[in-house]
Amino acid sequence: MNNIADSLTFTVPLALPEHLTAQRFSEQQTNPRKIKQVYLNTLAVYAVDFYLRCRGIETDLSASDSWDLVTQTLMNVADLEMKNIGKLECRPVLPDSQFCHIPLEVWSDRIGYVAVKLSESLREATLLGFVETTTQEELPVSELRSLEELEDLLAELTAKVTPRQTQVNQLLQWFDNIFEPGWQAIEKLLAPQELSLVRNLKVRRGKVIDLGIELAGHPFILIINLSRENEDTVAVNLQVYPTGENSYLPPGLKLIVLDESEEIFKEVTARSADKFIQYQFDAERGDQFGVKIDWQGVSITEKFGISELEPPPSPLFIANDET
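Please read these numbers as outputs of a predicted model, since none were measured by experiment.

Reading guide: rules and limits
- Residues numbered from 1 in each chain as written.
- Predicted model: local features only at pLDDT ≥ 70, side-chain atom pairs only at ≥ 80, totals over all residues.
- Heavy atoms only, no water.
- Phe/Tyr/Trp six-rings, centres within 6.5 Å; stacked < 30°, edge-to-face > 60°.
- Lys NZ or Arg CZ within 6 Å of the ring centre and 35° of its normal.
- Buried < 20%, exposed > 50% of the residue type's maximum accessible area, 1.4 Å probe, protein only.
- Helix = DSSP H or I, 4+ residues; strand = E, 2+ residues; numbered from the N terminus.
- Arc of directions from axis to C-beta.
- Contact = heavy atoms within 4.5 Å.
- Salt bridge = Lys/Arg side-chain N within 4 Å of Asp/Glu carboxyl O.
- Polar contact = N/O pair within 3.5 Å; in protein donor to acceptor, adjacent residues only side chain to side chain.
- Patch = residues over 30% accessible without salt bridge, like charges linked within 9 Å, V, L, I, M, F, W, Y side chains within 5 Å.
- Areas by Shrake-Rupley, 256 points an atom, 1.4 Å probe, with all protein chains shown as cover.
- Lys, Arg positive; Asp, Glu negative; His and termini not counted.
- Charge placed at Lys NZ, Arg CZ, Asp CG, Glu CD.

S.K.: Would you mind going over the packing of aromatic side chains with me for this structure?
M.R.: Two measures describe an aromatic ring pair: the distance that separates the ring centres and the angle between the ring planes. For the coordinates displayed, the defined rule picks out 11 aromatic pairs. Put simply, the rings of W174, F179, W183, F265, Y279, F281, F289 and F304 touch in pairs and so form one group of aromatic residues. For R205, the ring lying beneath its charged end belongs to F179, and the centroid distance is 4.0 Å. Positioned over the ring face of F175 is R228, at 5.9 Å from the centre of the ring.

S.K.: Got a minute to help me understand helix α1 (residues 16-26) in this structure?
M.R.: One full turn of an α-helix is made of 3.6 residues, so residues set three or four places apart face in the same direction. Within α1, the full set of buried residues consists of E18, H19, A22, F25 and S26. Angular distribution of buried residues about the axis of α1 spans 125°; they occupy a single face of the element. Check the buried side of α1 and you find it contacts β1 (10-13), α2 (32-54) and α3 (69-74).

S.K.: Can you help me understand the pattern of salt bridges in this one?
M.R.: Pairs may arise between side chains of opposite charge once their charged atoms sit close together. Using the criterion set out here, one finds 15 salt bridges in the structure. In this structure, the salt-bridge partner of E267 is K254, at a minimum N-O distance of 3.6 Å. Remark: K254 occurs in strand β13 (residues 254-258) and E267 occurs in strand β14 (residues 264-269); sequence separation between them is 13 residues. Residue classification places E267 among the partly exposed residues on the basis of a relative accessible area of 33%. Judged by its relative accessible area of 27%, K254 is partly exposed. The salt bridge partner of E262 is K303, with a shortest N-O separation of 3.5 Å. Taken together, the residues span a long stretch of sequence, with E262 in the loop between β13 and β14 and K303 in strand β17 (residues 298-305) at a distance of 41 residues. By relative accessible area, K303 is classed as partly exposed at 34%.

S.K.: What exactly am I supposed to notice about the side chain of N169 here?
M.R.: Mapped onto the fold, N169 is located in strand β8 (residues 168-170). Within the structure, the side chain of N169 is placed 3.1 Å from the side chain of W183, a separation counted as a polar contact. Of note is the side chain of N169, whose polar atom sits 3.0 Å from the side chain of E302. Every residue in contact with N169, bar those within four places of it in the chain, is listed here: W174, E180, W183, E302, K303, F304 and G305.

S.K.: It is not clear to me how the environment of N169 should be interpreted in this structure. Could you clarify?
M.R.: Residue class for N169 comes out buried when judged on its relative accessible area of 0%. Placed 138 residues apart in sequence, N169 and S307 show a C-alpha to C-alpha distance of 9.4 Å.

S.K.: I tried to follow a negative patch on the surface on my own but got confused; where do I start?
M.R.: A contiguous patch of negative charge on the surface is contributed by E229, D259, E260, E263, D282, E284 and D287. Looking at the secondary structure, you find E260 in the loop between β13 and β14.

In structure tokens, the structure reads:
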């Protein structure tokens with residue numbers, strides 16, 4: 001752990017546009033203490049967002065809870081949504097303070113906490129450092145780790161969610177028993193008791209989805225069930241199962257269907273007693289969509305298309321079974 005005195009800091013200018021945003025948010029509050037809280041939180045979040053964008057790190061400021069009026073009112077929140085990897089909490093530190101206040105309500109669902117010291121004039125904000133986790137509301141700034149370590153952490157998390165499969169899986173070819181690598185007959189993936197839950201459609205294929213994280217030590221299985229309604233329409237049934245000795249999916253695991261623009265079309269979330277989750281829809285010739293498996297911000301996306309374009313033969317697997 002690095003002492004803050006030995007690590008580099010980063011100072012961000014706070015100009016009129018940033019103060020106008022902070023004022024616009026805080027004016028929605030009526031309690032004087034809440035007005036000040038929202039104003040300072042907004043400046044801290046802006047400063048961290050500015051720093052990360054300068055370092056070429058992707059953020060999604062508008063998707064942050066701290067940019068939402070209802071959440072601002074109900075919570076003391078200063079989060080910055082990091083694209084695909086989770087929330088970074090950005091906590092303001094007053095000019096004469098040697099402590100960073102981290103409220104208990106934001107001790108979970110965060111990938112880290114950044115301390116941002118605001119100048120007395122509020123014209124500058126200095127990023128002091130960060131911690132990954134906390135068990136104290138008043139964190140001494142002397143215990144902060146360096147910004148360099150923060151960048152290393154974000155790079156490591158980003159690497160885990162980098163899409164591993166960019167090839168588009170062409171589903172109409174599956175009816176000709178031609179599959180992209182990784183897709184297996186489900187009899188090879190699921191236990192007998194689980195097979196009875198899988199819909200008996202014309203084409204059934206499964207793939208192991210390993211999120212690369214310690215989740216009870218096991219990956220998941222994505223099952224694709226297909227039936228051809230007519231020449232132009234395919235019924236697609238998606239299912240996600242646990243593997244190994246796990247009988248149930250972890251609560252919060254998400255099955256997300258993305259449209260061609262990679263916007264969310266449908267999201268299904270596992271509950272505490274779900275042995276699997278599923279969603280069914282019809283896709284037409286020419287459609288493209290994605291299927292994302294997400295757990296606590298760590299995800300993998302598979303892309304699919306309804307096309308009969310002739311694929312290159314080398315990366316494909318031509319099955320010799322009828323399953």
